[in-house]
Amino acid sequence: MNQATFTRFDESTRDDWALIDAHFQRYQNDASRRVLEHLLRLKGDTHGYPVDRYEHCLQTATRALAAGADEETVVCALLHDIGDDLAPANHAEIAAAILEPFIDPLNVWMIRHHELFQGYHYRTFYGLDPHAREAYREHPAYARTVRFCDEWDQCSFDPDYPTRPLEDFIPMVERVMSRPPFGETTSVEDTP
Ligand SMILES: [Fe+2]
């Protein structure tokens, strides 16, 4: 049996869910490959910036790595703009949601708020308050988000920077995304 036999959940059995869960575990384990595949979609159109978003992501991750950031932070840097093509107006939510099951909640907060924090460097050109991020000064992730944006993100539009290739980061993404989602592994097979 390769597919569940029910047509509605209220008629499903434990065997159905064991089968579905086995499929899900394999699908989940392959998620990092699909995420990295999606990152490649940021190649090409620069949207007027000096480099495309793919180059920008690699460069942000390269700078974080060079600065001695831990692996999880480097992965955040690599993927922080991955939602740019799907949700240009609130792209940070996409990366935050993808990584949320696997990383420190403070890093989720950092990714989610990086747009606003990054705006310190350009919001004034849109008639907006560049200091809007100061509203979060007391937040425990404030300092790391400022560092992320100021030292790695906002400066990663340099076509001449020695940016590392994606291959250097693939094992890092695989390791982070192979952690048990939300710190625990549940399966139908292991449930009595
Ligand atoms: Fe960015």
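Look a little higher up for the structure.
Residues numbered from 1 in each chain as written. Predicted model: local features only at pLDDT ≥ 70, side-chain atom pairs only at ≥ 80, totals over all residues. Heavy atoms only, no water.

**Student:** Whenever I open this one, the coordination of the iron ion confuses me. Can you help?
**Tutor:** By definition of the ideal shapes, four donors in a tetrahedron about a metal sit 109.5 degrees apart, and six donors in an octahedron sit 90 or 180 degrees apart. The protein atoms donating to the iron ion are His56 (NE2), His80 (NE2), Asp81 (OD) and Asp153 (OD), with metal-donor distances spanning 2.1 to 2.3 Å. Here the iron ion binds 4 donor atoms, and the angle range of 78 to 166 degrees at the metal identifies the geometry as irregular. Its relative accessible area of 1% is what places Asp153 among the buried residues. (Donors = N, O, S within 2.8 Å, 3.2 Å for Na, K, Ca; no water. Tetrahedral: all angles 85-135°; square planar, octahedral: opposite > 155°, others 65-115°. Buried < 20%, exposed > 50% of the residue type's maximum accessible area, 1.4 Å probe, protein only.)

**Student:** Looking at this model, I keep getting lost on the pattern of salt bridges. Mind explaining?
**Tutor:** Pairing of side chains with opposite charge becomes possible as their charged atoms draw close. According to the stated counting rule, one finds 15 salt bridges in the structure shown. Residues Arg133 and Asp150 are paired through a salt bridge, measuring 3.2 Å at the closest nitrogen-oxygen approach. Separated by 17 residues along the polypeptide, Arg133 in the loop between α6 (105-118) and α7 (142-153) and Asp150 in helix α7 bring together distant segments of the chain. Asp150 sits in the partly exposed class, given a relative accessible area of 21%. The salt bridge partner of Asp168 is Arg164, with a shortest N-O separation of 2.9 Å. With relative accessibility at 31%, the residue Asp168 sits in the partly exposed group. For Arg164, a relative accessible area of 37% corresponds to the partly exposed category. Where salt bridges share partners, they join Asp30, Arg33, Arg34 and Glu37 into one cluster. (Salt bridge = Lys/Arg side-chain N within 4 Å of Asp/Glu carboxyl O. Helix = DSSP H or I, 4+ residues; strand = E, 2+ residues; numbered from the N terminus.)

**Student:** So what exactly am I meant to see when it comes to the nonpolar core here?
**Tutor:** A general feature of soluble globular proteins is that nonpolar side chains tend to end up buried together. Judged by nonpolar contacts, the single largest core of 40 residues is most densely connected at Leu39, Leu78, Leu79, Leu99 and Ile103. Secondary-structure elements contributing two or more residues to this core are α2 (31-39), α3 (53-66), α4 (71-79), α5 (92-99), α6, α7 and α8 (170-177). In terms of residues, this core owes the most to one element, α4, which gives 6 residues. Not counting chain neighbours up to four residues away, the residues in contact with Leu99 comprise Val75, Cys76, Leu79, Ile111 and Met177. (Core = buried A, V, L, I, M, F, W, Y, C linked by side-chain atoms within 4.5 Å. Contact = heavy atoms within 4.5 Å.)

**Student:** It is not clear to me how the packing of aromatic side chains should be interpreted in this structure. Could you clarify?
**Tutor:** Remark: the centre distance and the inter-plane angle together describe each pair of aromatic rings, the angle taken between the planes. Enumeration according to the criterion identifies 10 aromatic pairs in this entry. Look at Phe6 and Phe9: their rings are 5.7 Å apart centre to centre, the planes differ by 85 degrees, and that puts the pair in the edge-to-face class. By relative accessible area, Phe6 is classed as buried at 18%. Using a relative accessible area of 60% as the deciding quantity, one classes Phe9 as exposed. An aromatic cluster is built from Trp109, Phe117, Tyr136 and Tyr142, whose rings are joined through pairwise contacts. Lying across the ring of Tyr49, Arg53 places its NZ or CZ 4.4 Å from the centre. Of note, Arg63 hangs over the ring of Tyr161, and the distance from its end group to the ring centre comes to 3.9 Å. (Phe/Tyr/Trp six-rings, centres within 6.5 Å; stacked < 30°, edge-to-face > 60°. Lys NZ or Arg CZ within 6 Å of the ring centre and 35° of its normal.)

**Student:** Honestly, the side chain of His56 in this entry has me stumped. Any pointers?
**Tutor:** Within the element layout of this structure, His56 appears in helix α3. Among the polar contacts made by the side chain of His56, one reaches the main-chain carbonyl oxygen of Ser156 at a distance of 2.8 Å. Contact partners of His56, with chain neighbours within four places excluded, come to Val51, His80, Asp81, Asp153, Ser156 and Phe157. (Polar contact = N/O pair within 3.5 Å; in protein donor to acceptor, adjacent residues only side chain to side chain.)

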